[in-house]
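Structural features, examined
The primary structure of each chain is shown beneath.
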Amino acid sequence: MDSPRQRQEMKDMKLCEKITKTLRRNGPQRVVLAGEAGIGKTRLAKKVSEHETREGMCYVTLCLHLNKRFDDELSLYENIAFHIGVYDRDEKAWKQAKDLLKALKEEISAELSRRRKRSAKEKMKFLFTEKNAKKFGEGEKKRHTSSGLMVPYLLLILDDEGYKTGEDTVMKDLGLESFLQDYVPLKILITKRDGETESHATDKPRNTESDNKIKPRDETTIRDESQALLDTLTHQNLQDLFESLTKDEARGLLESLQRAWKIDEPLIPQVVRKSKNLPAAITVFSKSLNCITHKKSFKNLSPKQEKVLKEVLFLSDSSIKLWRCNPILHLAYELLETDDTLKSAIIDCFWHTLDFFKHCGCVYYRDLITQWILEGYFDPVRSVKKAYKEGHDILLELINRGILKIQEDDMVVPEMAMTNLIDLCHHGLLSRSRLRLARVYGGDKSKGLGKITQIDDMIRTVQAKKRENLLTVLVSGNRLRLETPKEFFEQPQMKDLEVLGLFYPTLEYLVQSLRELKQLRVLVIRDYDLLPSIEELQGLRRLEVLEVSGASSVETISDKFFEAVPELQSLNLSGLRIKSSPSSISQLKYLHSLILRDCPVLEDLPDIQHLDRLEVLDIRGVRNLKTCFRNRTFARLQQLQLLDFSESKQKRIPIFQDLALTTSLHSLTRLSLRKCTNLLKLPNLQPLSGLQILDLSGTSSLVEIAEVCFEQKEELKIINMSGTKFTKLPSTISRLSNLSQFLLRDNSNLEALPNIKGLTSLEVFDVSGCTKLHNIEGSFEEMAYLREVNLSSTRIKTVPELPAKNSLCCSKLVVLADSRSLKCDNWSQVKESITNGISESLSSSGTVNEIEEVSRKELGRVREKQLNEASAFDFPENKSRIYKFIYMNTIPFVDTKSHQKVLEIQGSHGIDQDKETLARAEFVAFVDISSRSLSSIFSDLKSVKGCWLEMCGDIENLFSGVDEERLRNLESMSITNLRLMERICSSSFKNLKKLSLDCCPSIKMLFTASEPPISLQVLKIKFCYKLEKVCEKQVELPNLHTLCLLELPMLSIVGATLPNLETYKKDKCPKLNISKEKLKSSVSLS
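Just so it is clear, the model here is predicted, and its values are computed rather than measured. (Residues numbered from 1 in each chain as written. Predicted model: local features only at pLDDT ≥ 70, side-chain atom pairs only at ≥ 80, totals over all residues. Heavy atoms only, no water.)

**So, the confidence of the model for the protein**
- When the pLDDT values of the protein are averaged, the result is 82; 84% of them are 70 or greater.
- Contacts of residues 838–891 to residues separated by more than four positions or lying in other chains number 113 contacts, the stretch itself having pLDDT below 50.
- Note that pLDDT drops below 50 for residues 895–899; the model gives that stretch two contacts with residues more than four away or on any other chain. (pLDDT = per-residue confidence, 0-100. Contact = heavy atoms within 4.5 Å.)

Right, dumping it as structure tokens:
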């Protein structure tokens, strides 16, 4: 029986033969392959070329990727010369453009002639071999010799035709048609995207003749073979493709998941079905799995990765049809985003590359890495060499996963089928990009970086000769200290410098050395604390990109400064101490990005209402901004995409409409007014018809929002109104059918919500901390994508009807008003738990009930009446809202007789805790808190003796980043439901006497430190299913008198001598065979 790889190769062969049958016909032939991105057009074209070359029918293939701009003949013939191996970089270095073009054409002609003669000779030799002599009589030989079969042809592939360059531009305007007329027969194979978005989930034929009109050329036969390719996109063929690409480790992972999830159908057919029969999705996903499982450190998927995998693979068929992007491509991205073994910058690099390709087409791989560095994705850059290496590693990872593709001339393109993914990170690439180089470059070759290399801890232009001029230099302060700035920047080869990036410069008087670099187009000066002024830069009139950020000594910029740089398109002045922004910014008519982030004393902004090309306005963190603008409206800024005023103090912002204009601001996708605590009123948001993310969180001054604000918001995905004081929400909120997250935490005024029934795409609904909220109109019944409902600390007595269907395969969570957490596999189980008053969650394995919350009954929560009678501390009534979340609890190891008082911090509410309170707290309980918040709060805990941690979902390494000095006084600790926790990072538990570990299914070893907790008296461990050892090395715990071990199926070693052990309880620990007497002895224990 043939293997999947052999079957795939056979299908490729048959498809190639069908295409080549057309190409081999007499006369000029043009074959078209058209369809949506990702169906395999480029791959098939490459296979056809390889097949015909192998058969001796094609003497050379010229492949032109038209996702690149060819502005002139030189760029075209450079590409062809590089492709056939006759491009000489040294020759280019000293020849003028005109002479170089002539030389390139001559070399290409000579190479084509040589290959044609060689191929014809080999073909003739083949026909007249002794082996074939019997097949061909004299007449047969004559017929074949004179036929088209006898003369090998030149194959010209025009890949991705029309994306950045069209066929007519190449063939007619740039003269390739006439250049190749001496090399007939010429056959042309064209691939192009037709812009369709429909899936290939069925095997029904499509009519492509009418969709892909190609202009006929003189005497050329046109044949559209698109349908032949589409006919191969069947479920079985795609399954063979998947299996042929998937390595043994990845296949083994899928099989183990199938067993763990207890499903009958293999996962591979499910992957194919969810891919909508798109080859690109199959390819990217299989390569992603190969990359994940091939790492030396790989053992299992992380819980986050397993979660996203399960969510997508268990989607219902009806749900798949509603997805705008391909589910399997989305899954491949999610696996990238949740891979903790990768650098966090990889996500920014991914989105940057998609954006760059959209505006500019393909890009040389070194240029791409350099752009990533300039955009700030690897900040802080203290070594350019190190940043480049990090970028190169990311590039290889993305290529290995199939997310990026490398073309023959080292040009990089993304997998274009992924362009339908939506970046719903809070600020998105628009805010993470410092320069938006893609918009400046636009594919214009003259604005590129030139041929660059990384050498001597710099990125700079390749110099064929020592004195050749440099066009690009990126250098860090550490490397620059080895130079004298005046001599370095005033050397002759610097006079034509166009791109300069300086990171953490530490030399004084550096800027004065830059003023003679009159050709500079891009100047980045990042984190230059010694910079007193930028006035010296006014002479750089060709500047298109200017970033001077982190220069905290710059306090003024002259009002007319920007009159001297009229071509500026991107301006970033973040982190300066300027009080006023120069009015001349309003004259920068080409400006598309203005970033003034974290300028702590800036008080005003320029007039921007006539900057009609502006796309990004980011003034996040400008906390002293009170008078907003010399602007009345943003309505004229029709290209605006991002507005971020977070943490500014203005009382109003300009309106978004103008009676003189009838158009809406559809381009604006992100609006952030987070923590604008002086803002009294929102403008009318109705004109923002393309808005995707609206963030009003922490803007506590807002008490009302107009009814029209949620009209015409079909694309809105995320609303965050947490911390506002709205008394009423617009009824139009019910029309937000594409909303996925509704976040309204900690509103103390809101009593009721309007009808939510229409929020059919909702995934997260969080109104926790809305202490007056008692009524939610409508229900969740039609919300098939819902996965989380949080009603904690509200007055909602009855949970609205929960969904009847589950379109997302993930755990479902409801947090009730009394803070009980109900987490189950599906909504039916949640409903049953609510009905029965039970708080539990069924594990995916079905072998045990995993307790998601230690019930408040078990903890012996003090009743509300008792809470009112005794508080943890005597707090003034007007203290922070955090005190709503301070409770008195009797929990493990708390001495109820002495009425120990416990400060309980839930969720993110601990971040606003005042330091005096934390410094006095001796007993602290953390519930559902992040690892980062835990580290931050612990830095202020001076006297803590007892610590309880519960349901802290993202903590993997407990106490990572916590100063060990803060843990030395701990005497008792309880850890419950830390599902991801793998280890406890500390060796400072010298005073720890009591420890309880409950429902921590990921930890394998408890004590790995060289110093054991020698004061430990009581140790209780239960429901830790992967725990194998208690102590890594054999130690003695002389004070331990109580040891309780319950349901620890993998535990086989205690690893400790317990000479004073009195109480020893062991239940359902099948691998642990040791008695109390042996534990008390000094024998090595196992």
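Now, onward.
**Thoughts on empty space enclosed by the protein**
- The tally for this structure, following the rule as stated, stands at six cavities of 30 Å³ or more.
- Size it by volume and the second largest cavity reaches roughly 80 Å³.
- Taken together, Cys63, His65, Lys68, Asn79, Phe82, His83, Cys362, Gln407, Glu408, Asp409 and Met411 make up the lining of the second largest cavity.
- Going through the elements one at a time, strand E2 (58–65) and helix H3 (73–84) are the ones with two or more residues in the lining of the second largest cavity.
- Each residue belonging to the lining of the second largest cavity can be placed in one class, and the counts come to four nonpolar, four polar and three charged.
- Both domain 1 (4–92 + 102–124 + 151–194 + 220–230) and domain 3 (342–424) contribute no fewer than three residues apiece to the lining of the second largest cavity. (1 Å grid on protein atoms, 1.4 Å probe; cavity = no way out; pocket = protein on both sides within 12 Å on 5 of 7 lines; lining within 4 Å. Points joined across faces, edges and corners; volume = space filled by probe spheres on them. Helix = DSSP H or I, 4+ residues; strand = E, 2+ residues; numbered from the N terminus. Nonpolar A, V, L, I, M, F, W, Y, C, P; charged D, E, K, R; others polar. Domains from an automatic or database assignment.)

**Quick look at the side chain of Lys713**
- For Lys713, the location among the structural elements is in the loop between strand E20 (693–695) and strand E21 (718–720).
- An unpaired buried charge is present at Lys713: no salt bridge exists, and Glu714, the closest side chain of opposite charge, is 7.6 Å distant.
- For Lys713, the side chain forms a polar contact with the main-chain oxygen of Gln686, separated by 3.4 Å.
- Within the local environment of Lys713, its side chain forms a polar contact with the backbone oxygen of Cys709, the two atoms lying 3.3 Å apart.
- Leaving out residues up to four positions away in the same chain, Lys713 has contacts with Leu685, Gln686, Leu688, Leu691 and Leu736. (Buried < 20%, exposed > 50% of the residue type's maximum accessible area, 1.4 Å probe, protein only. Lys, Arg positive; Asp, Glu negative; His and termini not counted. Salt bridge = Lys/Arg side-chain N within 4 Å of Asp/Glu carboxyl O. Polar contact = N/O pair within 3.5 Å; in protein donor to acceptor, adjacent residues only side chain to side chain.)

**A short note on the nonpolar core**
- By size, the foremost hydrophobic cluster in this structure holds 114 residues, and its most contacted members are Leu189, Phe285, Leu309, Leu331, Trp372, Ile373 and Leu395.
- If one sorts the elements of this core by residue count, helix H18 (residues 345–360) sits on top with ten residues.
- With residues up to four places along the chain from it excluded, the contact list for Phe285 reads Phe242, Val271, Leu309, Ile328, Leu331, Ala332 and Leu335.
- If you look at the next biggest cluster of nonpolar residues, it comprises 110 residues, including Leu679, Leu685, Leu694 and Ile756. (Core = buried A, V, L, I, M, F, W, Y, C linked by side-chain atoms within 4.5 Å.)

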